[in-house]
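One-letter residues, chain by chain:
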Amino acid sequence: MGYNVEVNIELMTKAERIKNTLWETKERRKIQRVFVYELKLQNLSKKKIALLERAFLEAKWFYNWLVSDTNRLDATVHKVKTVEVKVGDHSEQRELTVLGSQIKQEIANRIKDNLRALSQLKRNGHNVGALKHKSFVNSIPLVQYGKTHKLDFDRKKIRIQILGTFRVLGLHQIPDDVEIANAVLVRKPSGYYLHVTCYRSKDRCVPVDKIGDAVGVDFGISSKLTLSNGIKIDFEVRESLRLKRLQRKLSRKRMSSKNRKRVRFLLNKEYEKLNRRRRDAQNKVLAFLKHYGTVVFQDDYVKGWSSLWGGAVHSSGIGGLKSRLRHSLETPISVERMETTTRECFACGLRHDLSLSDRVIVCECGWECDRDVNAALVIMRKGLGLSPHQAVGVGRPELTPLERATAARILGSNPCIRVSFLDEGGSLSHRDRMRPSRYCSDQVDTRRPASCPYPRTGQARYPPHN
Ligand SMILES: [Zn+2]
């Protein structure tokens, strides 16, 4: 890559060289995109598991030791060999045997960052407390590729400083032309993972084929997402029966007993499972929205909703989806929170008094539309900065066969997502009533033969709730 700054590397001091490399990296990142790949550590022997557990334990000790006295965050923090650990009402010296110096440095850096963020909050008038001790640490930062960690693509292994080599699953996801950067060693109820951050130059990334120019998205309760072209996406990952059973079980176990610990572990595992499903549904919705040139949505207050509607909001993961929309789309446009969208007529901008039970908006100007689609259209119009008469052509929800097919292909593979299409007229009578997306287009469900006598588990578990 051509940088028009000539530097003589030999004449520089070490500090200058580091500064120069940092600057070069910063310049390079401007034309790169970031990817994070998850690798699962496999074939773990008891010895390896003990080693990993020790590493997370030591990370906790070290973290708590630093937090209990932030004056310890000085330049020599990476040389610390023993820390004091509070056991009961006295403290003991514990030796750090498996934490590398760079890991210690990075844990300290993270604390410094957190402190900085907290003091910033304090300056802005928020009430902040001190950093608290942790009862567990589930992530260990690995900063420098090649030193703290290294990937071996041929042998499908990774090497972590001091901890040794581990066989991993998932290396095939990483393309050849990426630059591998830092990583995080993560402990989850389902196992140990390495999250590797990679950078790839933007021109190497294949752009998705666009199926439409602009689309407005309305987030609602009854249909989770309504697009301005009439697609309604409803996704919900409900809390499973097993989760409820485990919660009940946990409440009956004696405090700090082994049984309680075991049930707690199973419960966390179940939570992880649900979160993965939620994440997958989000991924698919995002992947679909990426096919549009511009996505406009309203920045509303999801937290306020959950007090109104309770679990329904939580289980949809709308808040998470919104923040991901903001960060992962190329051209996200958000409309101000205070703008009225639901009650406004798209065609003339007249305000109507709609109650929650009114599903259709009918206006004197002749505009008649499904309430949510109207809101999505208004959001799109406002996001693009058009006045009602400028947006005449954008008006009617029209769905191309390509859009239908793409929606069915991407969203149809997840049983928690239901897609329905609104017909051109926009009235409810033509609406495809909430049917699983796999029936909605010409796409054939290939996963199961038609003659299969067993009920669809996907539907049995997530019945339509409208
Ligand atoms: Zn009107």
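Residues numbered from 1 in each chain as written. Predicted model: local features only at pLDDT ≥ 70, side-chain atom pairs only at ≥ 80, totals over all residues. Heavy atoms only, no water.

## Thoughts on the overall build of the protein chain
So, point 1. Helix and strand counts for the protein chain stand at eleven helices and 17 strands.
So, point 2. Taking all 466 residues of the protein chain together, 39% fall into the buried category.
So, point 3. In the protein chain, once contacts between residues fewer than 6 apart in sequence are set aside, the share between residues at least 24 apart is 66%.
So, point 4. By element, 52% of the accessible surface of the protein chain is carried by carbon and sulfur atoms, the whole surface being about 27000 Å². (Helix = DSSP H or I, 4+ residues; strand = E, 2+ residues; numbered from the N terminus. Buried < 20%, exposed > 50% of the residue type's maximum accessible area, 1.4 Å probe, protein only. Contact = heavy atoms within 4.5 Å. Areas by Shrake-Rupley, 256 points an atom, 1.4 Å probe, with all protein chains shown as cover.)

## Overview of empty space enclosed by the protein
So, point 1. Counted by the stated rule, this structure contains two cavities of 30 Å³ or more.
So, point 2. Taken as a whole, the second largest cavity spans an internal volume of roughly 30 Å³.
So, point 3. Classifying every residue of the lining of the second largest cavity by side-chain character gives eight nonpolar, no polar and no charged. (1 Å grid on protein atoms, 1.4 Å probe; cavity = no way out; pocket = protein on both sides within 12 Å on 5 of 7 lines; lining within 4 Å. Points joined across faces, edges and corners; volume = space filled by probe spheres on them. Nonpolar A, V, L, I, M, F, W, Y, C, P; charged D, E, K, R; others polar.)

## Some words on the coordination of the zinc ion
So, point 1. Around the zinc ion, the protein contributes the donor atoms Cys345 (SG), Cys348 (SG), Cys363 (SG) and Cys365 (SG), at 2.2 to 2.3 Å from the metal centre.
So, point 2. Viewed at the metal, the four donor atoms of the zinc ion are separated by angles of 105 to 113°, and the geometry they form is tetrahedral.
So, point 3. Taken in sequence order, the residues that donate to the zinc ion follow the motif C-x2-C-x14-C-x1-C.
So, point 4. Among the residues examined, Cys345 registers a relative accessible area of 0% and is labelled buried.
So, point 5. On the basis of relative accessibility, which here comes to 36%, the residue Cys348 falls in the partly exposed class. (Donors = N, O, S within 2.8 Å, 3.2 Å for Na, K, Ca; no water. Tetrahedral: all angles 85-135°; square planar, octahedral: opposite > 155°, others 65-115°.)

## Overview of the confidence of the model for the protein chain
So, point 1. Confidence along the protein chain averages 81 in pLDDT terms, with 82% of residues attaining 70 or more.
So, point 2. Every residue in residues 424-466 is under pLDDT 50, and counting partners more than four places away or in other chains gives 67 contacts. (pLDDT = per-residue confidence, 0-100.)

## Considerations on the packing of helix α4 (residues 241-252) against helix α5 (residues 258-289)
So, point 1. Close contact between α4 and α5 brings their axes to 9 Å; oriented N to C, the two are set at 155°. For the element pair α4 / α5, the angle class is roughly antiparallel. Seen along the crossing, α4 lies across α5 with a hand that is left-handed. Contacts from Arg242, Leu243, Leu246, Gln247, Lys249 and Leu250 of α4 reach α5 at Arg260, Val263, Arg264, Leu266, Leu267, Glu270, Tyr271 and Leu274.
So, point 2. When grouped by side-chain class, the residues that make up the contact of α4 with α5 number eight nonpolar, one polar and five charged. (Axes fitted to C-alpha atoms, helices over the stretch in contact; angles between N-to-C directions. Parallel < 35°, antiparallel > 145°, perpendicular 65-115°, else oblique. Left-handed = near helix turned anticlockwise from the far one by under 90°.)

## Comments concerning the pairing of strand β7 (residues 164-169)
The two faces of a sheet get side chains in turn, since along a regular strand they alternate between them.
So, point 1. In this sheet, β7 lies alongside strand β1 (residues 32-42) in antiparallel orientation, the contact comprising three bridges. Directly across from Gln42, in β7, lies its bridge partner Arg167.
So, point 2. Sheet topology places strand β6 (residues 157-160) next to β7; four bridges connect them, and they run antiparallel. Paired with Lys157 across the bridge in β7 is Arg167.
So, point 3. Counted along the chain from β6 to the antiparallel partner β7, the turn is three residues long, and its residue Ile162 has a positive phi close to 65°. (Pairing = 2+ DSSP bridges.)

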